[in-house]
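A structural walkthrough
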Amino acid sequence: MPLQLLIGNKNYSSWSLRGWLLAELSGADYQETLVPLFRADTHARLQAHSPTAKVPVLKTDDAGVIWDSLAIAEYLAERFPEAAMWPRDVAARAMARSVCAEMHSGFGALRSHMPMDMQRNTPLASIADDVQGDIQRVIALWATCRQRFGQSGPYLFGELSIADAYFAPVASRLRSYAVQLPKDAAAYVETIFQWPAFQRWLQAALKE
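About the cut-offs
Residues numbered from 1 in each chain as written. Predicted model: local features only at pLDDT ≥ 70, side-chain atom pairs only at ≥ 80, totals over all residues. Heavy atoms only, no water. Domains from an automatic or database assignment. Contact = heavy atoms within 4.5 Å. Buried area = accessible area lost by both parts, 1.4 Å probe. Pairing = 2+ DSSP bridges. Helix = DSSP H or I, 4+ residues; strand = E, 2+ residues; numbered from the N terminus. Right-handed = clockwise from strand over helix to strand, strands pointing away. Core = buried A, V, L, I, M, F, W, Y, C linked by side-chain atoms within 4.5 Å. Buried < 20%, exposed > 50% of the residue type's maximum accessible area, 1.4 Å probe, protein only. Phe/Tyr/Trp six-rings, centres within 6.5 Å; stacked < 30°, edge-to-face > 60°. Lys NZ or Arg CZ within 6 Å of the ring centre and 35° of its normal. Axes fitted to C-alpha atoms, helices over the stretch in contact; angles between N-to-C directions. Parallel < 35°, antiparallel > 145°, perpendicular 65-115°, else oblique. Left-handed = near helix turned anticlockwise from the far one by under 90°. Nonpolar A, V, L, I, M, F, W, Y, C, P; charged D, E, K, R; others polar.

For the chain, the name recorded in an unreviewed UniProt entry is Glutathione S-transferase, with Phytopseudomonas flavescens as its organism.

In structure tokens form, the structure reads like this:
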């Protein structure tokens, strides 16, 4: 029985994008179910599947319902070890977990002022100081990952990993809001946009 992944709108739901990219990265056989957000019945429909009524939600045949994206990442990494979703090197893996956890719990200003909208392609009239601080922190994290562990490829830890799935929505925001970036950060955003799985999501988002 394939896994079932519940997601929200592809244009707007950054957490759904993370969960979906994780499923793609794992190579798992899964079914995608999209529950439209911002509708009168959205909460009731999601609550039928998840105790938090939020997306993403992964329904499994061996572990029940998993309703948090980091928990989904860990479950998939354990169930599909051949996919090497976390970096194999101990130090790289520890850092990857750290940056994902920081992304998971932080960057509130960036999330609030620059919500994901993959159909957008216009800058903000101005960027508040706290948003700029979040952007600079993202750029610094990317630079550190790439400098320390990115020699083997174009992704944060060289090869594709959970960390790239976690920062893909940020890359999307930075392009949607036409944020001017240093050369290396701009190159990483382009790398995310060239990721075939991300491209499939993007094309679906543009058609919503």
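Here the narrative resumes.
1. Observations concerning the domain arrangement of the chain
As a measure of interface size, the accessible area lost when the parts come together is often cited. Here the domain parsing of the chain yields domain 1 (3-83) and domain 2 (90-201). With centres defined by C-alpha atoms, the gap from domain 1 to domain 2 works out at 21 Å. Listed by partner, the interface residues are 22 residues for domain 1 and 24 residues for domain 2. Of the roughly 2000 Å² buried where domain 1 meets domain 2, counting both sides, 67% is carbon and sulfur surface.

2. What to know about the pairing of strand 2 (residues 30-34)
Here strand 1 (residues 3-7) runs beside strand 2; their pairing, made up of 5 bridges, is parallel. Across the sheet, residue Leu6 finds its bridge partner in strand 2, namely Thr33. One crossover worth recording links strand 1 to the parallel strand 2 by way of helix 1 (residues 14-26), and it is right-handed.

3. Considering the nonpolar core
Among the nonpolar cores identified, the biggest contains 66 residues, and Leu21, Leu76, Trp142, Phe157, Ile162, Phe167 and Phe198 are the most heavily contacted of them. Here the element with the most residues in this core is helix 7 (residues 162-176); it accounts for 9 residues. Looking at which domains feed residues into this core, each of domain 1 (3-83) and domain 2 (90-201) gives three or more. Filtering out sequence-adjacent residues up to four positions away, Phe167 remains in contact with Val99, Met103, Val138, Leu141, Trp142, Leu156 and Tyr188. Listed in part, the 7 residues of the second largest apolar core include Leu46, Ala53, Val55 and Val57.

4. Side note on the packing of aromatic side chains
In total, this model carries 8 aromatic pairs according to the counting rule given. Ring geometry for Trp142 and Phe167: centres 6.3 Å apart, planes at 80°, overall edge-to-face. One end of the pair, Trp142, is in helix 6 (residues 129-149); the other, Phe167, is in helix 7, and 25 residues separate them in sequence. Take Trp142 and Phe167: they sit in the same class, and that class is buried. The structure contains a cluster of three or more aromatic residues connected by ring pairs, namely Trp142, Phe167 and Tyr188. Above the plane of the ring of Trp15 lies Arg18, whose end atom (NZ or CZ) is 4.2 Å from the centre.

5. Examining the packing of helix 4 (residues 90-105) against helix 7
At their nearest, the axes of helix 4 and helix 7 sit 9 Å apart, and the two run at 30° to each other. With respect to each other, helix 4 and helix 7 are oriented roughly parallel. As helix 4 packs across helix 7, the resulting crossing turns out to be left-handed. Here Ala96, Val99, Cys100, Met103 and His104 of helix 4 lie close against helix 7, whose contacting residues are Ile162, Ala163, Tyr166, Phe167 and Val170. Its residues assigned to classes, the contact of helix 4 with helix 7 comprises 9 nonpolar, 1 polar and no charged.

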